[in-house]
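# Examining the three-dimensional arrangement
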Amino acid sequence: MKDFAVVGSGVGGSSIAALLNAKGYDVALFEKEPYLGGCSSTFIHKGYKYNSGATTLAGYAEGYIVKEIFDAIGFTPKLIQTDPSIVIIQNDKITPRYKNFEQFFAVVTINYPHTKNKEFWELVYTINKEFYDVKNYYYSNQNIFKKLKSLLSFVPLTLKFQKYLKVNAHSYIQKLFGNISKDYLQFLESQILIVAQASMKEINFLTAILALGYTFNENHYVIGGFGALFDDLTQNINAIHRNSEITKIVQQKDFFELYTKDEIFKAKKVILNTTVYDSANLFPQMNIKKYYKKYEKLNNYQSSFMVYMTIKSNKEFSHHYQIIQNKVIKNTLSQALFVSFSDENDTKIVPKGCYSITASIHTDSRFWENEATYKMQKKELEATLQNIILEKLSIDKGEIIEIFSATSKTFQNYINRSQLGGNAITMKNFLPFLPANDTPIKNLYNVGDTVYAAQGWPGVMLGVKNLKRLLGV
Ligand SMILES: Cc1cc2nc3c(=O)[nH]c(=O)nc-3n(C[C@H](O)[C@H](O)[C@H](O)COP(=O)(O)OP(=O)(O)OC[C@H]3O[C@@H](n4cnc5c(N)ncnc54)[C@H](O)[C@@H]3O)c2cc1C
């Protein structure tokens with residue numbers, strides 16, 4: 001009997017499994033796929049490696065959450081610092097998001113001149129530094145008393161930033177700038193969307209500030225692809241079951257039974273890294289089913305359309321670009337495309353002289369449900385995005401070695417989820433209404449981007465830290 005069974009090896013599952021293992025607990029980690037990492041994994045296609053979704057690691061710096069958890073595990077990842085962390089291309093404007101404030105400000109103020117620029121960007125910079133100094137909050141959902149007590153722990157954070165928490169980001173930005181050009185607003189909106197996973201109109205100003213300001217903190221490129229990081233992170237766990245989908249979990253008196261196609265495993269405690277929307281399907285017991293079912297309404301169907309490419313080129317590229325178009329691209333939810341390149345010296349992911357490219361754009365998973373039009377739609381969007389990438393980044397068609405794409409359906413087939421980007425904390429979805437890392441069911445826990453705290457490495461790692469506290473380890 002294991003102390004813990006962790007179902008799913010995404011950021012949350014792998015990190016908490018490695019942490020518990022480092023603390024001496026007997027842990028089994030189950031992953032449906034051969035690759036660890038879920039949305040942050042690396043896969044091989046026709047001999048070439050690709051990051052499946054995530055490409056940037058934020059929050060790995062002294063005093064920041066990812067480093068705090070990796071340090072607690074005793075793990076040091078193999079990274080390269082990325083600066084600028086993104087280069088934003090909008091028509092003829094190229095804006096690198098440098099870590100250094102002055103360096104970034106000099107460019108933004110030429111590309112998007114405005115009298116309020118200094119006030120606005122200084123606010124973004126300062127709040128980003130101050131936010132991470134507040135640390136002792138946590139969130140529990142075990143019962144109403146524990147929930148209320150945990151919510152009290154947010155009081156210092158709320159008091160400190162109440163001015164920005166209470167207001168809508170879109171209104172605040174409009175009011176602060178007064179007259180702001182459509183292009184400048186889109187420049188801000190596109191960056192907010194990739195971090196907050198929600199539009200300015202849906203979020204408070206504090207979330208927008210954090211989304212706009214993460215580039216002032218250290219950001220990293222992972223050598224060998226994110227998959228390599230997961231293999232290293234979990235290397236000391238003895239029981240990693242790859243290609244092992246958990247199809248059913250039955251709660252017994254003091255333990256759980258976990259079923260795969262061929263075997264039954266037992267564990268005292270279970271941590272689910274599956275999405276909160278899909279977890280009900282795993283349980284035959286009505287009380288557990290009911291608990292997860294009430295969160296199905298949080299599914300906003302937001303997803304990603306991906307283009308993967310290997311190119312052979314002697315040009316130099318930054319690690320990450322955001323290309324902003326003038327209108328929303330058909331079959332997507334966005335006018336901005338995020339394009340990541342492997343490092344030119346990273347021969348662990350591609351041969352020298354080649355680049356592995358992962359490009360993504362927001363879409364709605366329901367756009368991809370019609371089987372009759374699916375193939376045509378996919379081909380059409382792949383071609384549109386390919387043309388944009390080639391044109392804006394000056395890549396010749398002849399430099400492409402291979403190109404293919406993926407939709408919400410592809411993610412569903414591989415990692416059991418079509419909603420991607422997790423659960424954004426919005427004006428409507430606020431803490432008391434969101435699932436936490438614990439549940440009212442004894443010894444059953446959650447981790448990942450659809451439960452507290454939110455999506456992306458820093459968000460999921462805040463959840464890992466929360467879970468660590470709730471487990472008392
Ligand atoms: C296109 C895209 C780009 C992104 N870019 C970034 C970025 O650059 N930086 C960043 O910080 N974040 C980024 N994100 C967000 C980030 O990738 C996710 O928030 C994070 O990886 C989610 O981690 P998770 O813990 O929720 O696990 P998930 O990624 O959801 O992984 C869950 C795992 O569980 C497995 N699983 C599911 N069901 C079962 C089962 N029944 N049995 C066994 N295993 C199961 C799945 O196969 C999967 O491996 C991006 C996301 C996407 C989609």
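Further up the page is the structure itself.
Because the structure is predicted, anything quoted here is derived from the model rather than measured.

### Things to note about helix 7 (residues 169-177)
For helix 7, the full list of buried residues reads Ala169, His170, Tyr172, Ile173, Leu176 and Phe177. Considered in projection along helix 7, the buried side chains sweep an arc of 165 degrees and stay on one side of the axis. On its buried face, helix 7 sits against helix 4 (117-131), helix 6 (155-165), helix 8 (182-196) and helix 9 (205-213). Regarding helix 7, its N-cap is Asn168, as a side-chain oxygen of that residue lies 2.9 Å from the backbone nitrogen of His170 further along. After helix 7 finishes, the residue Gly178 shows a positive phi value of roughly 70 degrees.

### Some thoughts on the site of the ligand
Lining the immediate surroundings of the ligand are 35 residues, of which Glu31, Ser40, Thr56, Arg417 and Asp449 lie closest. Between an oxygen atom of the ligand and a side-chain N or O atom of Arg417, the distance comes to 2.6 Å. Here an oxygen atom of the ligand and a backbone polar atom of Gly456 are 2.9 Å apart. For the ligand, whose free accessible area comes to 1000 Å², the fraction covered by protein is 93%. When contributions to the shell around the ligand are tallied by element, the ones reaching two or more residues are helix 1 (11-22), strand 14 (302-312) and helix 14 (456-471). Ranked by residue count, the leading element in the shell around the ligand is helix 14, at three residues. A class-by-class count of the residues in the shell around the ligand yields 11 nonpolar, 19 polar and five charged.

### Quick look at the packing of aromatic side chains
Within this structure, the stated rule accounts for 44 aromatic pairs. With 5.6 Å between their ring centres and 70 degrees between their planes, Phe104 and Phe216 make a pair best called edge-to-face. Linking Phe104 in helix 3 (residues 101-111) with Phe216 in the loop between helix 9 and strand 9 (219-222), this pair joins segments that are 112 residues apart in sequence. We note that Phe104, like Phe216, is buried. Measuring from centroid to centroid gives 5.1 Å for Phe120 and Trp121, while their planes differ by 80 degrees, and the two rings are edge-to-face.

### Some points on the nonpolar core
Formed by 82 residues in total, the largest nonpolar core has its most connected members in Phe120, Trp121, Ile173, Leu188, Ile249 and Leu258. Among the elements that take part in this core, helix 9 stands out by supplying seven residues, more than any other. Residues lining this core come from more than one domain, with at least three contributed by each of domain 1 (2-36 + 234-298 + 424-471) and domain 2 (100-216). In contact with Ile249, other than residues within four places in its own chain, are Val7, Phe256, Glu257, Leu258, Val270, Leu272, Leu282, Phe283, Pro284 and Gln285. Membership of the second largest hydrophobic core comes to 35 residues, among which are Leu19, Phe70, Leu233 and Val473.

### Describing the packing of helix 1 against helix 2 (residues 65-73)
Packing of helix 1 against helix 2 leaves a shortest axis separation of 8 Å and a crossing angle of 35 degrees. For the pair helix 1 and helix 2, the contacting residues are Ser15, Ala18, Leu19 and Ala22 in the first and Ile69, Ala72 and Ile73 in the second. Per-class residue counts for the contact of helix 1 with helix 2 are six nonpolar, one polar and no charged.

### Looking at the sheet that holds strand 7 (residues 87-90)
Spatial ordering of the open sheet is given by 8-7-15-16-17-14-18, a layout of seven strands whose pairing is mixed. Pairing within the sheet leaves two strands with one partner each, and these edge strands are strand 8 (93-96) and strand 18 (400-406). Shown here is a sheet whose adjacent strand axes are inclined to one another by a mean of 20 degrees, direction ignored. Pairing between strand 7 and strand 15 (residues 320-324): four bridges, direction parallel. For Val87, the partnering residue across the bridge sits in strand 15 and is Tyr321.

Quick notes on the rules
Residues numbered from 1 in each chain as written. Predicted model: local features only at pLDDT ≥ 70, side-chain atom pairs only at ≥ 80, totals over all residues. Heavy atoms only, no water. Buried < 20%, exposed > 50% of the residue type's maximum accessible area, 1.4 Å probe, protein only. Helix = DSSP H or I, 4+ residues; strand = E, 2+ residues; numbered from the N terminus. Arc of directions from axis to C-beta. Contact = heavy atoms within 4.5 Å. Polar contact = N/O pair within 3.5 Å; in protein donor to acceptor, adjacent residues only side chain to side chain. Near = heavy atom within 4 Å. Areas by Shrake-Rupley, 256 points an atom, 1.4 Å probe, with all protein chains shown as cover. Nonpolar A, V, L, I, M, F, W, Y, C, P; charged D, E, K, R; others polar. Phe/Tyr/Trp six-rings, centres within 6.5 Å; stacked < 30°, edge-to-face > 60°. Core = buried A, V, L, I, M, F, W, Y, C linked by side-chain atoms within 4.5 Å. Domains from an automatic or database assignment. Axes fitted to C-alpha atoms, helices over the stretch in contact; angles between N-to-C directions. Pairing = 2+ DSSP bridges.

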